[in-house]
Amino acid sequence: MPIAKIESLDNNARGICHNEDGKTIFIDDALPNEIVEYAKFKDKKKYELAHLIKIIKPAAARVEPKCKYFGICGGCAMQHIEMTSQVAVKQRVLEDNLWHIGKVKAQTMLPPIVGSAWNYRHKARLSVRNVPKKGGVLIGFHERKSSYIADMQTCEILPKAISDLLMPLRSLIASLTLAEKIPQIEISVGEFVIALVLRILEPLSDNDKTLLKIFADNYNENNSNANANANAKQKLAFYLQEKGPDSVYLFYPQNENQKTLSYLLPEFNLEMQFQPTDFTQVNHQINKVMIRQALSFLQANQNDIIADFFCGLGNFTLPIAKQKARVFGVEGNAELVKRANDDAKNNNLQDLAKFKVANLFKFDLPELEKLIAENDGKIFNKWLIDPPREGAVELIKALPDEFSEIKPKLIVYVSCNPATLARDAGILVHLKNYELRFAGIINMFPHTAHVESMAVFALKE
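Residues numbered from 1 in each chain as written. Predicted model: local features only at pLDDT ≥ 70, side-chain atom pairs only at ≥ 80, totals over all residues. Heavy atoms only, no water.

Asks: What exactly am I supposed to notice about the sheet that holds strand E8 (residues 123-131) here?
Replies: For sheets, the rule is that strands pair by backbone hydrogen bonds, running either parallel or antiparallel. Here 6 strands make up an open sheet; going across it, the order is E9-E8-E10-E11-E12-E13 and the pairing mixed. For this open sheet the edge positions go to strand E9 (136-140) and strand E13 (249-252), each flanked by a neighbour on one side alone. Taken over all neighbouring pairs, the strand axes of this sheet differ in orientation by 30 degrees on average, direction set aside. Pairing of strand E11 (residues 193-199) with strand E12 (residues 235-241) involves 7 bridges; the strand directions are parallel. Paired with Leu196 across the two strands is Phe238, which belongs to E12. Strand contacts of helix H3 (residues 166-175): E8, E9, strand E10 (184-189), E11 and E12, with the helix running at about 135 degrees to E9, the strand carrying the most contacts. (Pairing = 2+ DSSP bridges. Helix = DSSP H or I, 4+ residues; strand = E, 2+ residues; numbered from the N terminus. Axes fitted to C-alpha atoms, helices over the stretch in contact; angles between N-to-C directions. Contact = heavy atoms within 4.5 Å.)

This is how it looks when you write it as C-alpha cells:
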C-alpha cells in the first residue's frame, strides 16, 4: 500500500497529499500532518480519490468519534477532528476562498461563532426503507457516498427527543400497511412542537391513520407526564405530504389547543411561526447569536431604512424592526413572504417591516430603482443579504460601479457558501468601491464540512 504525509484538508474534510508526480490525492478521513497508508478507488487524469487504510502517525487533532455510526453514516464528516481544530479548518477555508477566488482579505477576521457540538440539528430529512436483510425498516441519513440508508439507531447531532424516536418510528412504519410507500420523514423541531412530515405515495388506510394517532397520543401523554414541571412541553404532530412541498398538511392532532410550529428569539421578544418544510436555520442556538452579531454591525435605529434581501420568514427582518428601524424584506418565495407578513402582524411590527416577492437571481439596476420607488422613494442606507448557496451575484451587480446615492453605506452578508461569498466580495471590493471590514465563520453545522460565514462591507468615502 502507498504511504503519504497529509498536507491539508479540502472543503469536504478529505486529506490532501501529492504523489511523486505531483498528482493530487484526496484521502477520506485523513488529517493534516498524519502519515497514512491509503488505497485509491478512483483514478482521474488530475487527481485520485482514496480510502484511508492505516494511520501510521496520527495527528494531534484526531479524536475518537462520539457516534458509533461515524464513517458509515453520511450525516457527519468531521467527528474524528477535535472541535477547535474543526473550527480552525473552516476559518481557513473561508480565508482561502476569499483570497483565491475574490482576491480580497478582510481587514479583521472575526472570532468564530460557536455553540454546542451535539443535539443541535432541529431540521432533517431522513430516508425510510424496508430492508429485510437488515431486520426491517430503516430510518436515517444515507450512508457515506451511497444510496443505502445507514442502519442508525441513535443520532448524536439530532435533538435527543428525535434520536430517542428513531427506533419507535421504525416499529411504527413497519406496522403500517403503507410501510413500503413512505420513502421519507422530514423532521422539524420547534419550541413547542415536533413536526414529523411523512412523505406518502398512496393514501393511508383507516388502520394506518389509527396507528399514527395512537403513536402521537402515547408520545404526548408520556412526554407531558415526564416533563410536568417543564416550562415548555414539545408535542408531537404528524403532517402528511402526498405530492410536492405545497401538498403538506397537518394530519394529527388537530385541535384549538394545539401549539403552532415556531421558534423563539427571546432577546427580541419574538415568536417566529413557520411550516415544517419552510426554510429555517437548523441550529437554534447559533441562529440567535448570528442575529445578535449581524445587528451589532448594522447598528439599526429609527433613522435607518434597511433592505433585507433573501429575507425568508423574516429571521433578520423582524429583529431589525425591533430596533425601530424601517426594514424592507425581499424574498423570492411567495409563501415565505406571506408567513413573514403574518409574523410581523403577530409581533405588532407591520408598520416597520414590509415584505415583497422578487426574483433576486434576475435582478438589475432598474429593479433596484423600482424597489426604492415602492419604498416611497426612500433610499436603503444599509443592506443585509442572506442568500442560498448560489450567492447574490445579480443583486451585487445591480449596484452602480460609480458613485451613487442608492449604494448602501454598509452591507452585512451572511453566507452558507464561502466560494460564492468570495466571488461576490471580489465584485464589491474591486468594482463597486467597498472595503471588506470583517469576516468570520459561524459554526452552524458542527461535525460537517459546511461553512457558514458573515462578512461586513463598508462603502469607501
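Additional details are given in the paragraphs that follow.
Asks: Please explain the pattern of salt bridges as it appears in this structure.
Replies: Working definition: two side chains of opposite charge can pair if their charged atoms are close together. Tallied over the entire structure, the rule returns 23 salt bridges. Residue Asp43 is joined to Lys23 by a salt bridge in which the shortest nitrogen-to-oxygen separation is 2.5 Å. Remark: Lys23 occurs in the loop between strand E3 (15-18) and strand E4 (24-27) and Asp43 occurs in strand E5 (residues 35-43); sequence separation between them is 20 residues. Overall, the relative accessible area of 43% leaves Asp43 in the partly exposed class. Because the salt bridges share partners, they merge into one network encompassing Lys23, Lys40, Asp43 and Glu48. (Salt bridge = Lys/Arg side-chain N within 4 Å of Asp/Glu carboxyl O. Buried < 20%, exposed > 50% of the residue type's maximum accessible area, 1.4 Å probe, protein only.)

Asks: What's the story with the pairing of strand E6 (residues 47-57) in this structure? I'm lost.
Replies: On a regular strand, each side chain points to the face opposite its neighbour's, so the side chains alternate between the two faces of the sheet. For E4 and E6, the ladder comprises 4 bridges, and the chain directions are parallel. Counterpart to Phe26 in the pairing with E6 is Leu49. Sheet topology places E5 next to E6; 8 bridges connect them, and they run antiparallel. Counted as the bridge partner of Val36 is Ile55 from E6. Counted between consecutive antiparallel strands, the loop separating E5 from E6 contains 3 residues.

Asks: Looking at this structure, I do not really get the nonpolar core. What am I missing?
Replies: Note on soluble globular proteins: their nonpolar side chains tend to be buried together. One finds Ile139, Ile173, Phe238, Ile320 and Val412 to be the most contacted residues of the largest nonpolar core, which totals 95 residues. If one sorts the elements of this core by residue count, helix H5 (residues 284-298) sits on top with 7 residues. Residues within four places of Val412 in sequence aside, it is in contact with Ala294, Phe297, Leu298, Trp383, Leu384, Ile385, Met454, Ala455 and Val456. Core analysis: the second largest hydrophobic core is formed by 51 residues, Leu31, Phe309, Leu360 and Ala455 among them. (Core = buried A, V, L, I, M, F, W, Y, C linked by side-chain atoms within 4.5 Å.)

Asks: Teacher, can you tell me more about the sheet that holds strand E18 (residues 353-357) here?
Replies: Strand order in this open sheet of 8 strands is E7-E21-E22-E20-E19-E16-E17-E18, and the pairing throughout is mixed. On the outer flanks of this sheet lie strand E7 (108-109) and E18, each paired with one strand and no other. As paired elements, strand E19 (residues 382-385) and strand E20 (residues 410-415) share 4 bridges and run parallel to each other. Bridge pairing in E20 links Trp383 to Ile411. Sheet strands touched by helix H1 (residues 83-100): E7, strand E21 (434-442) and strand E22 (452-459). Its angle to E21, the strand with the most contacts, is close to 155 degrees.

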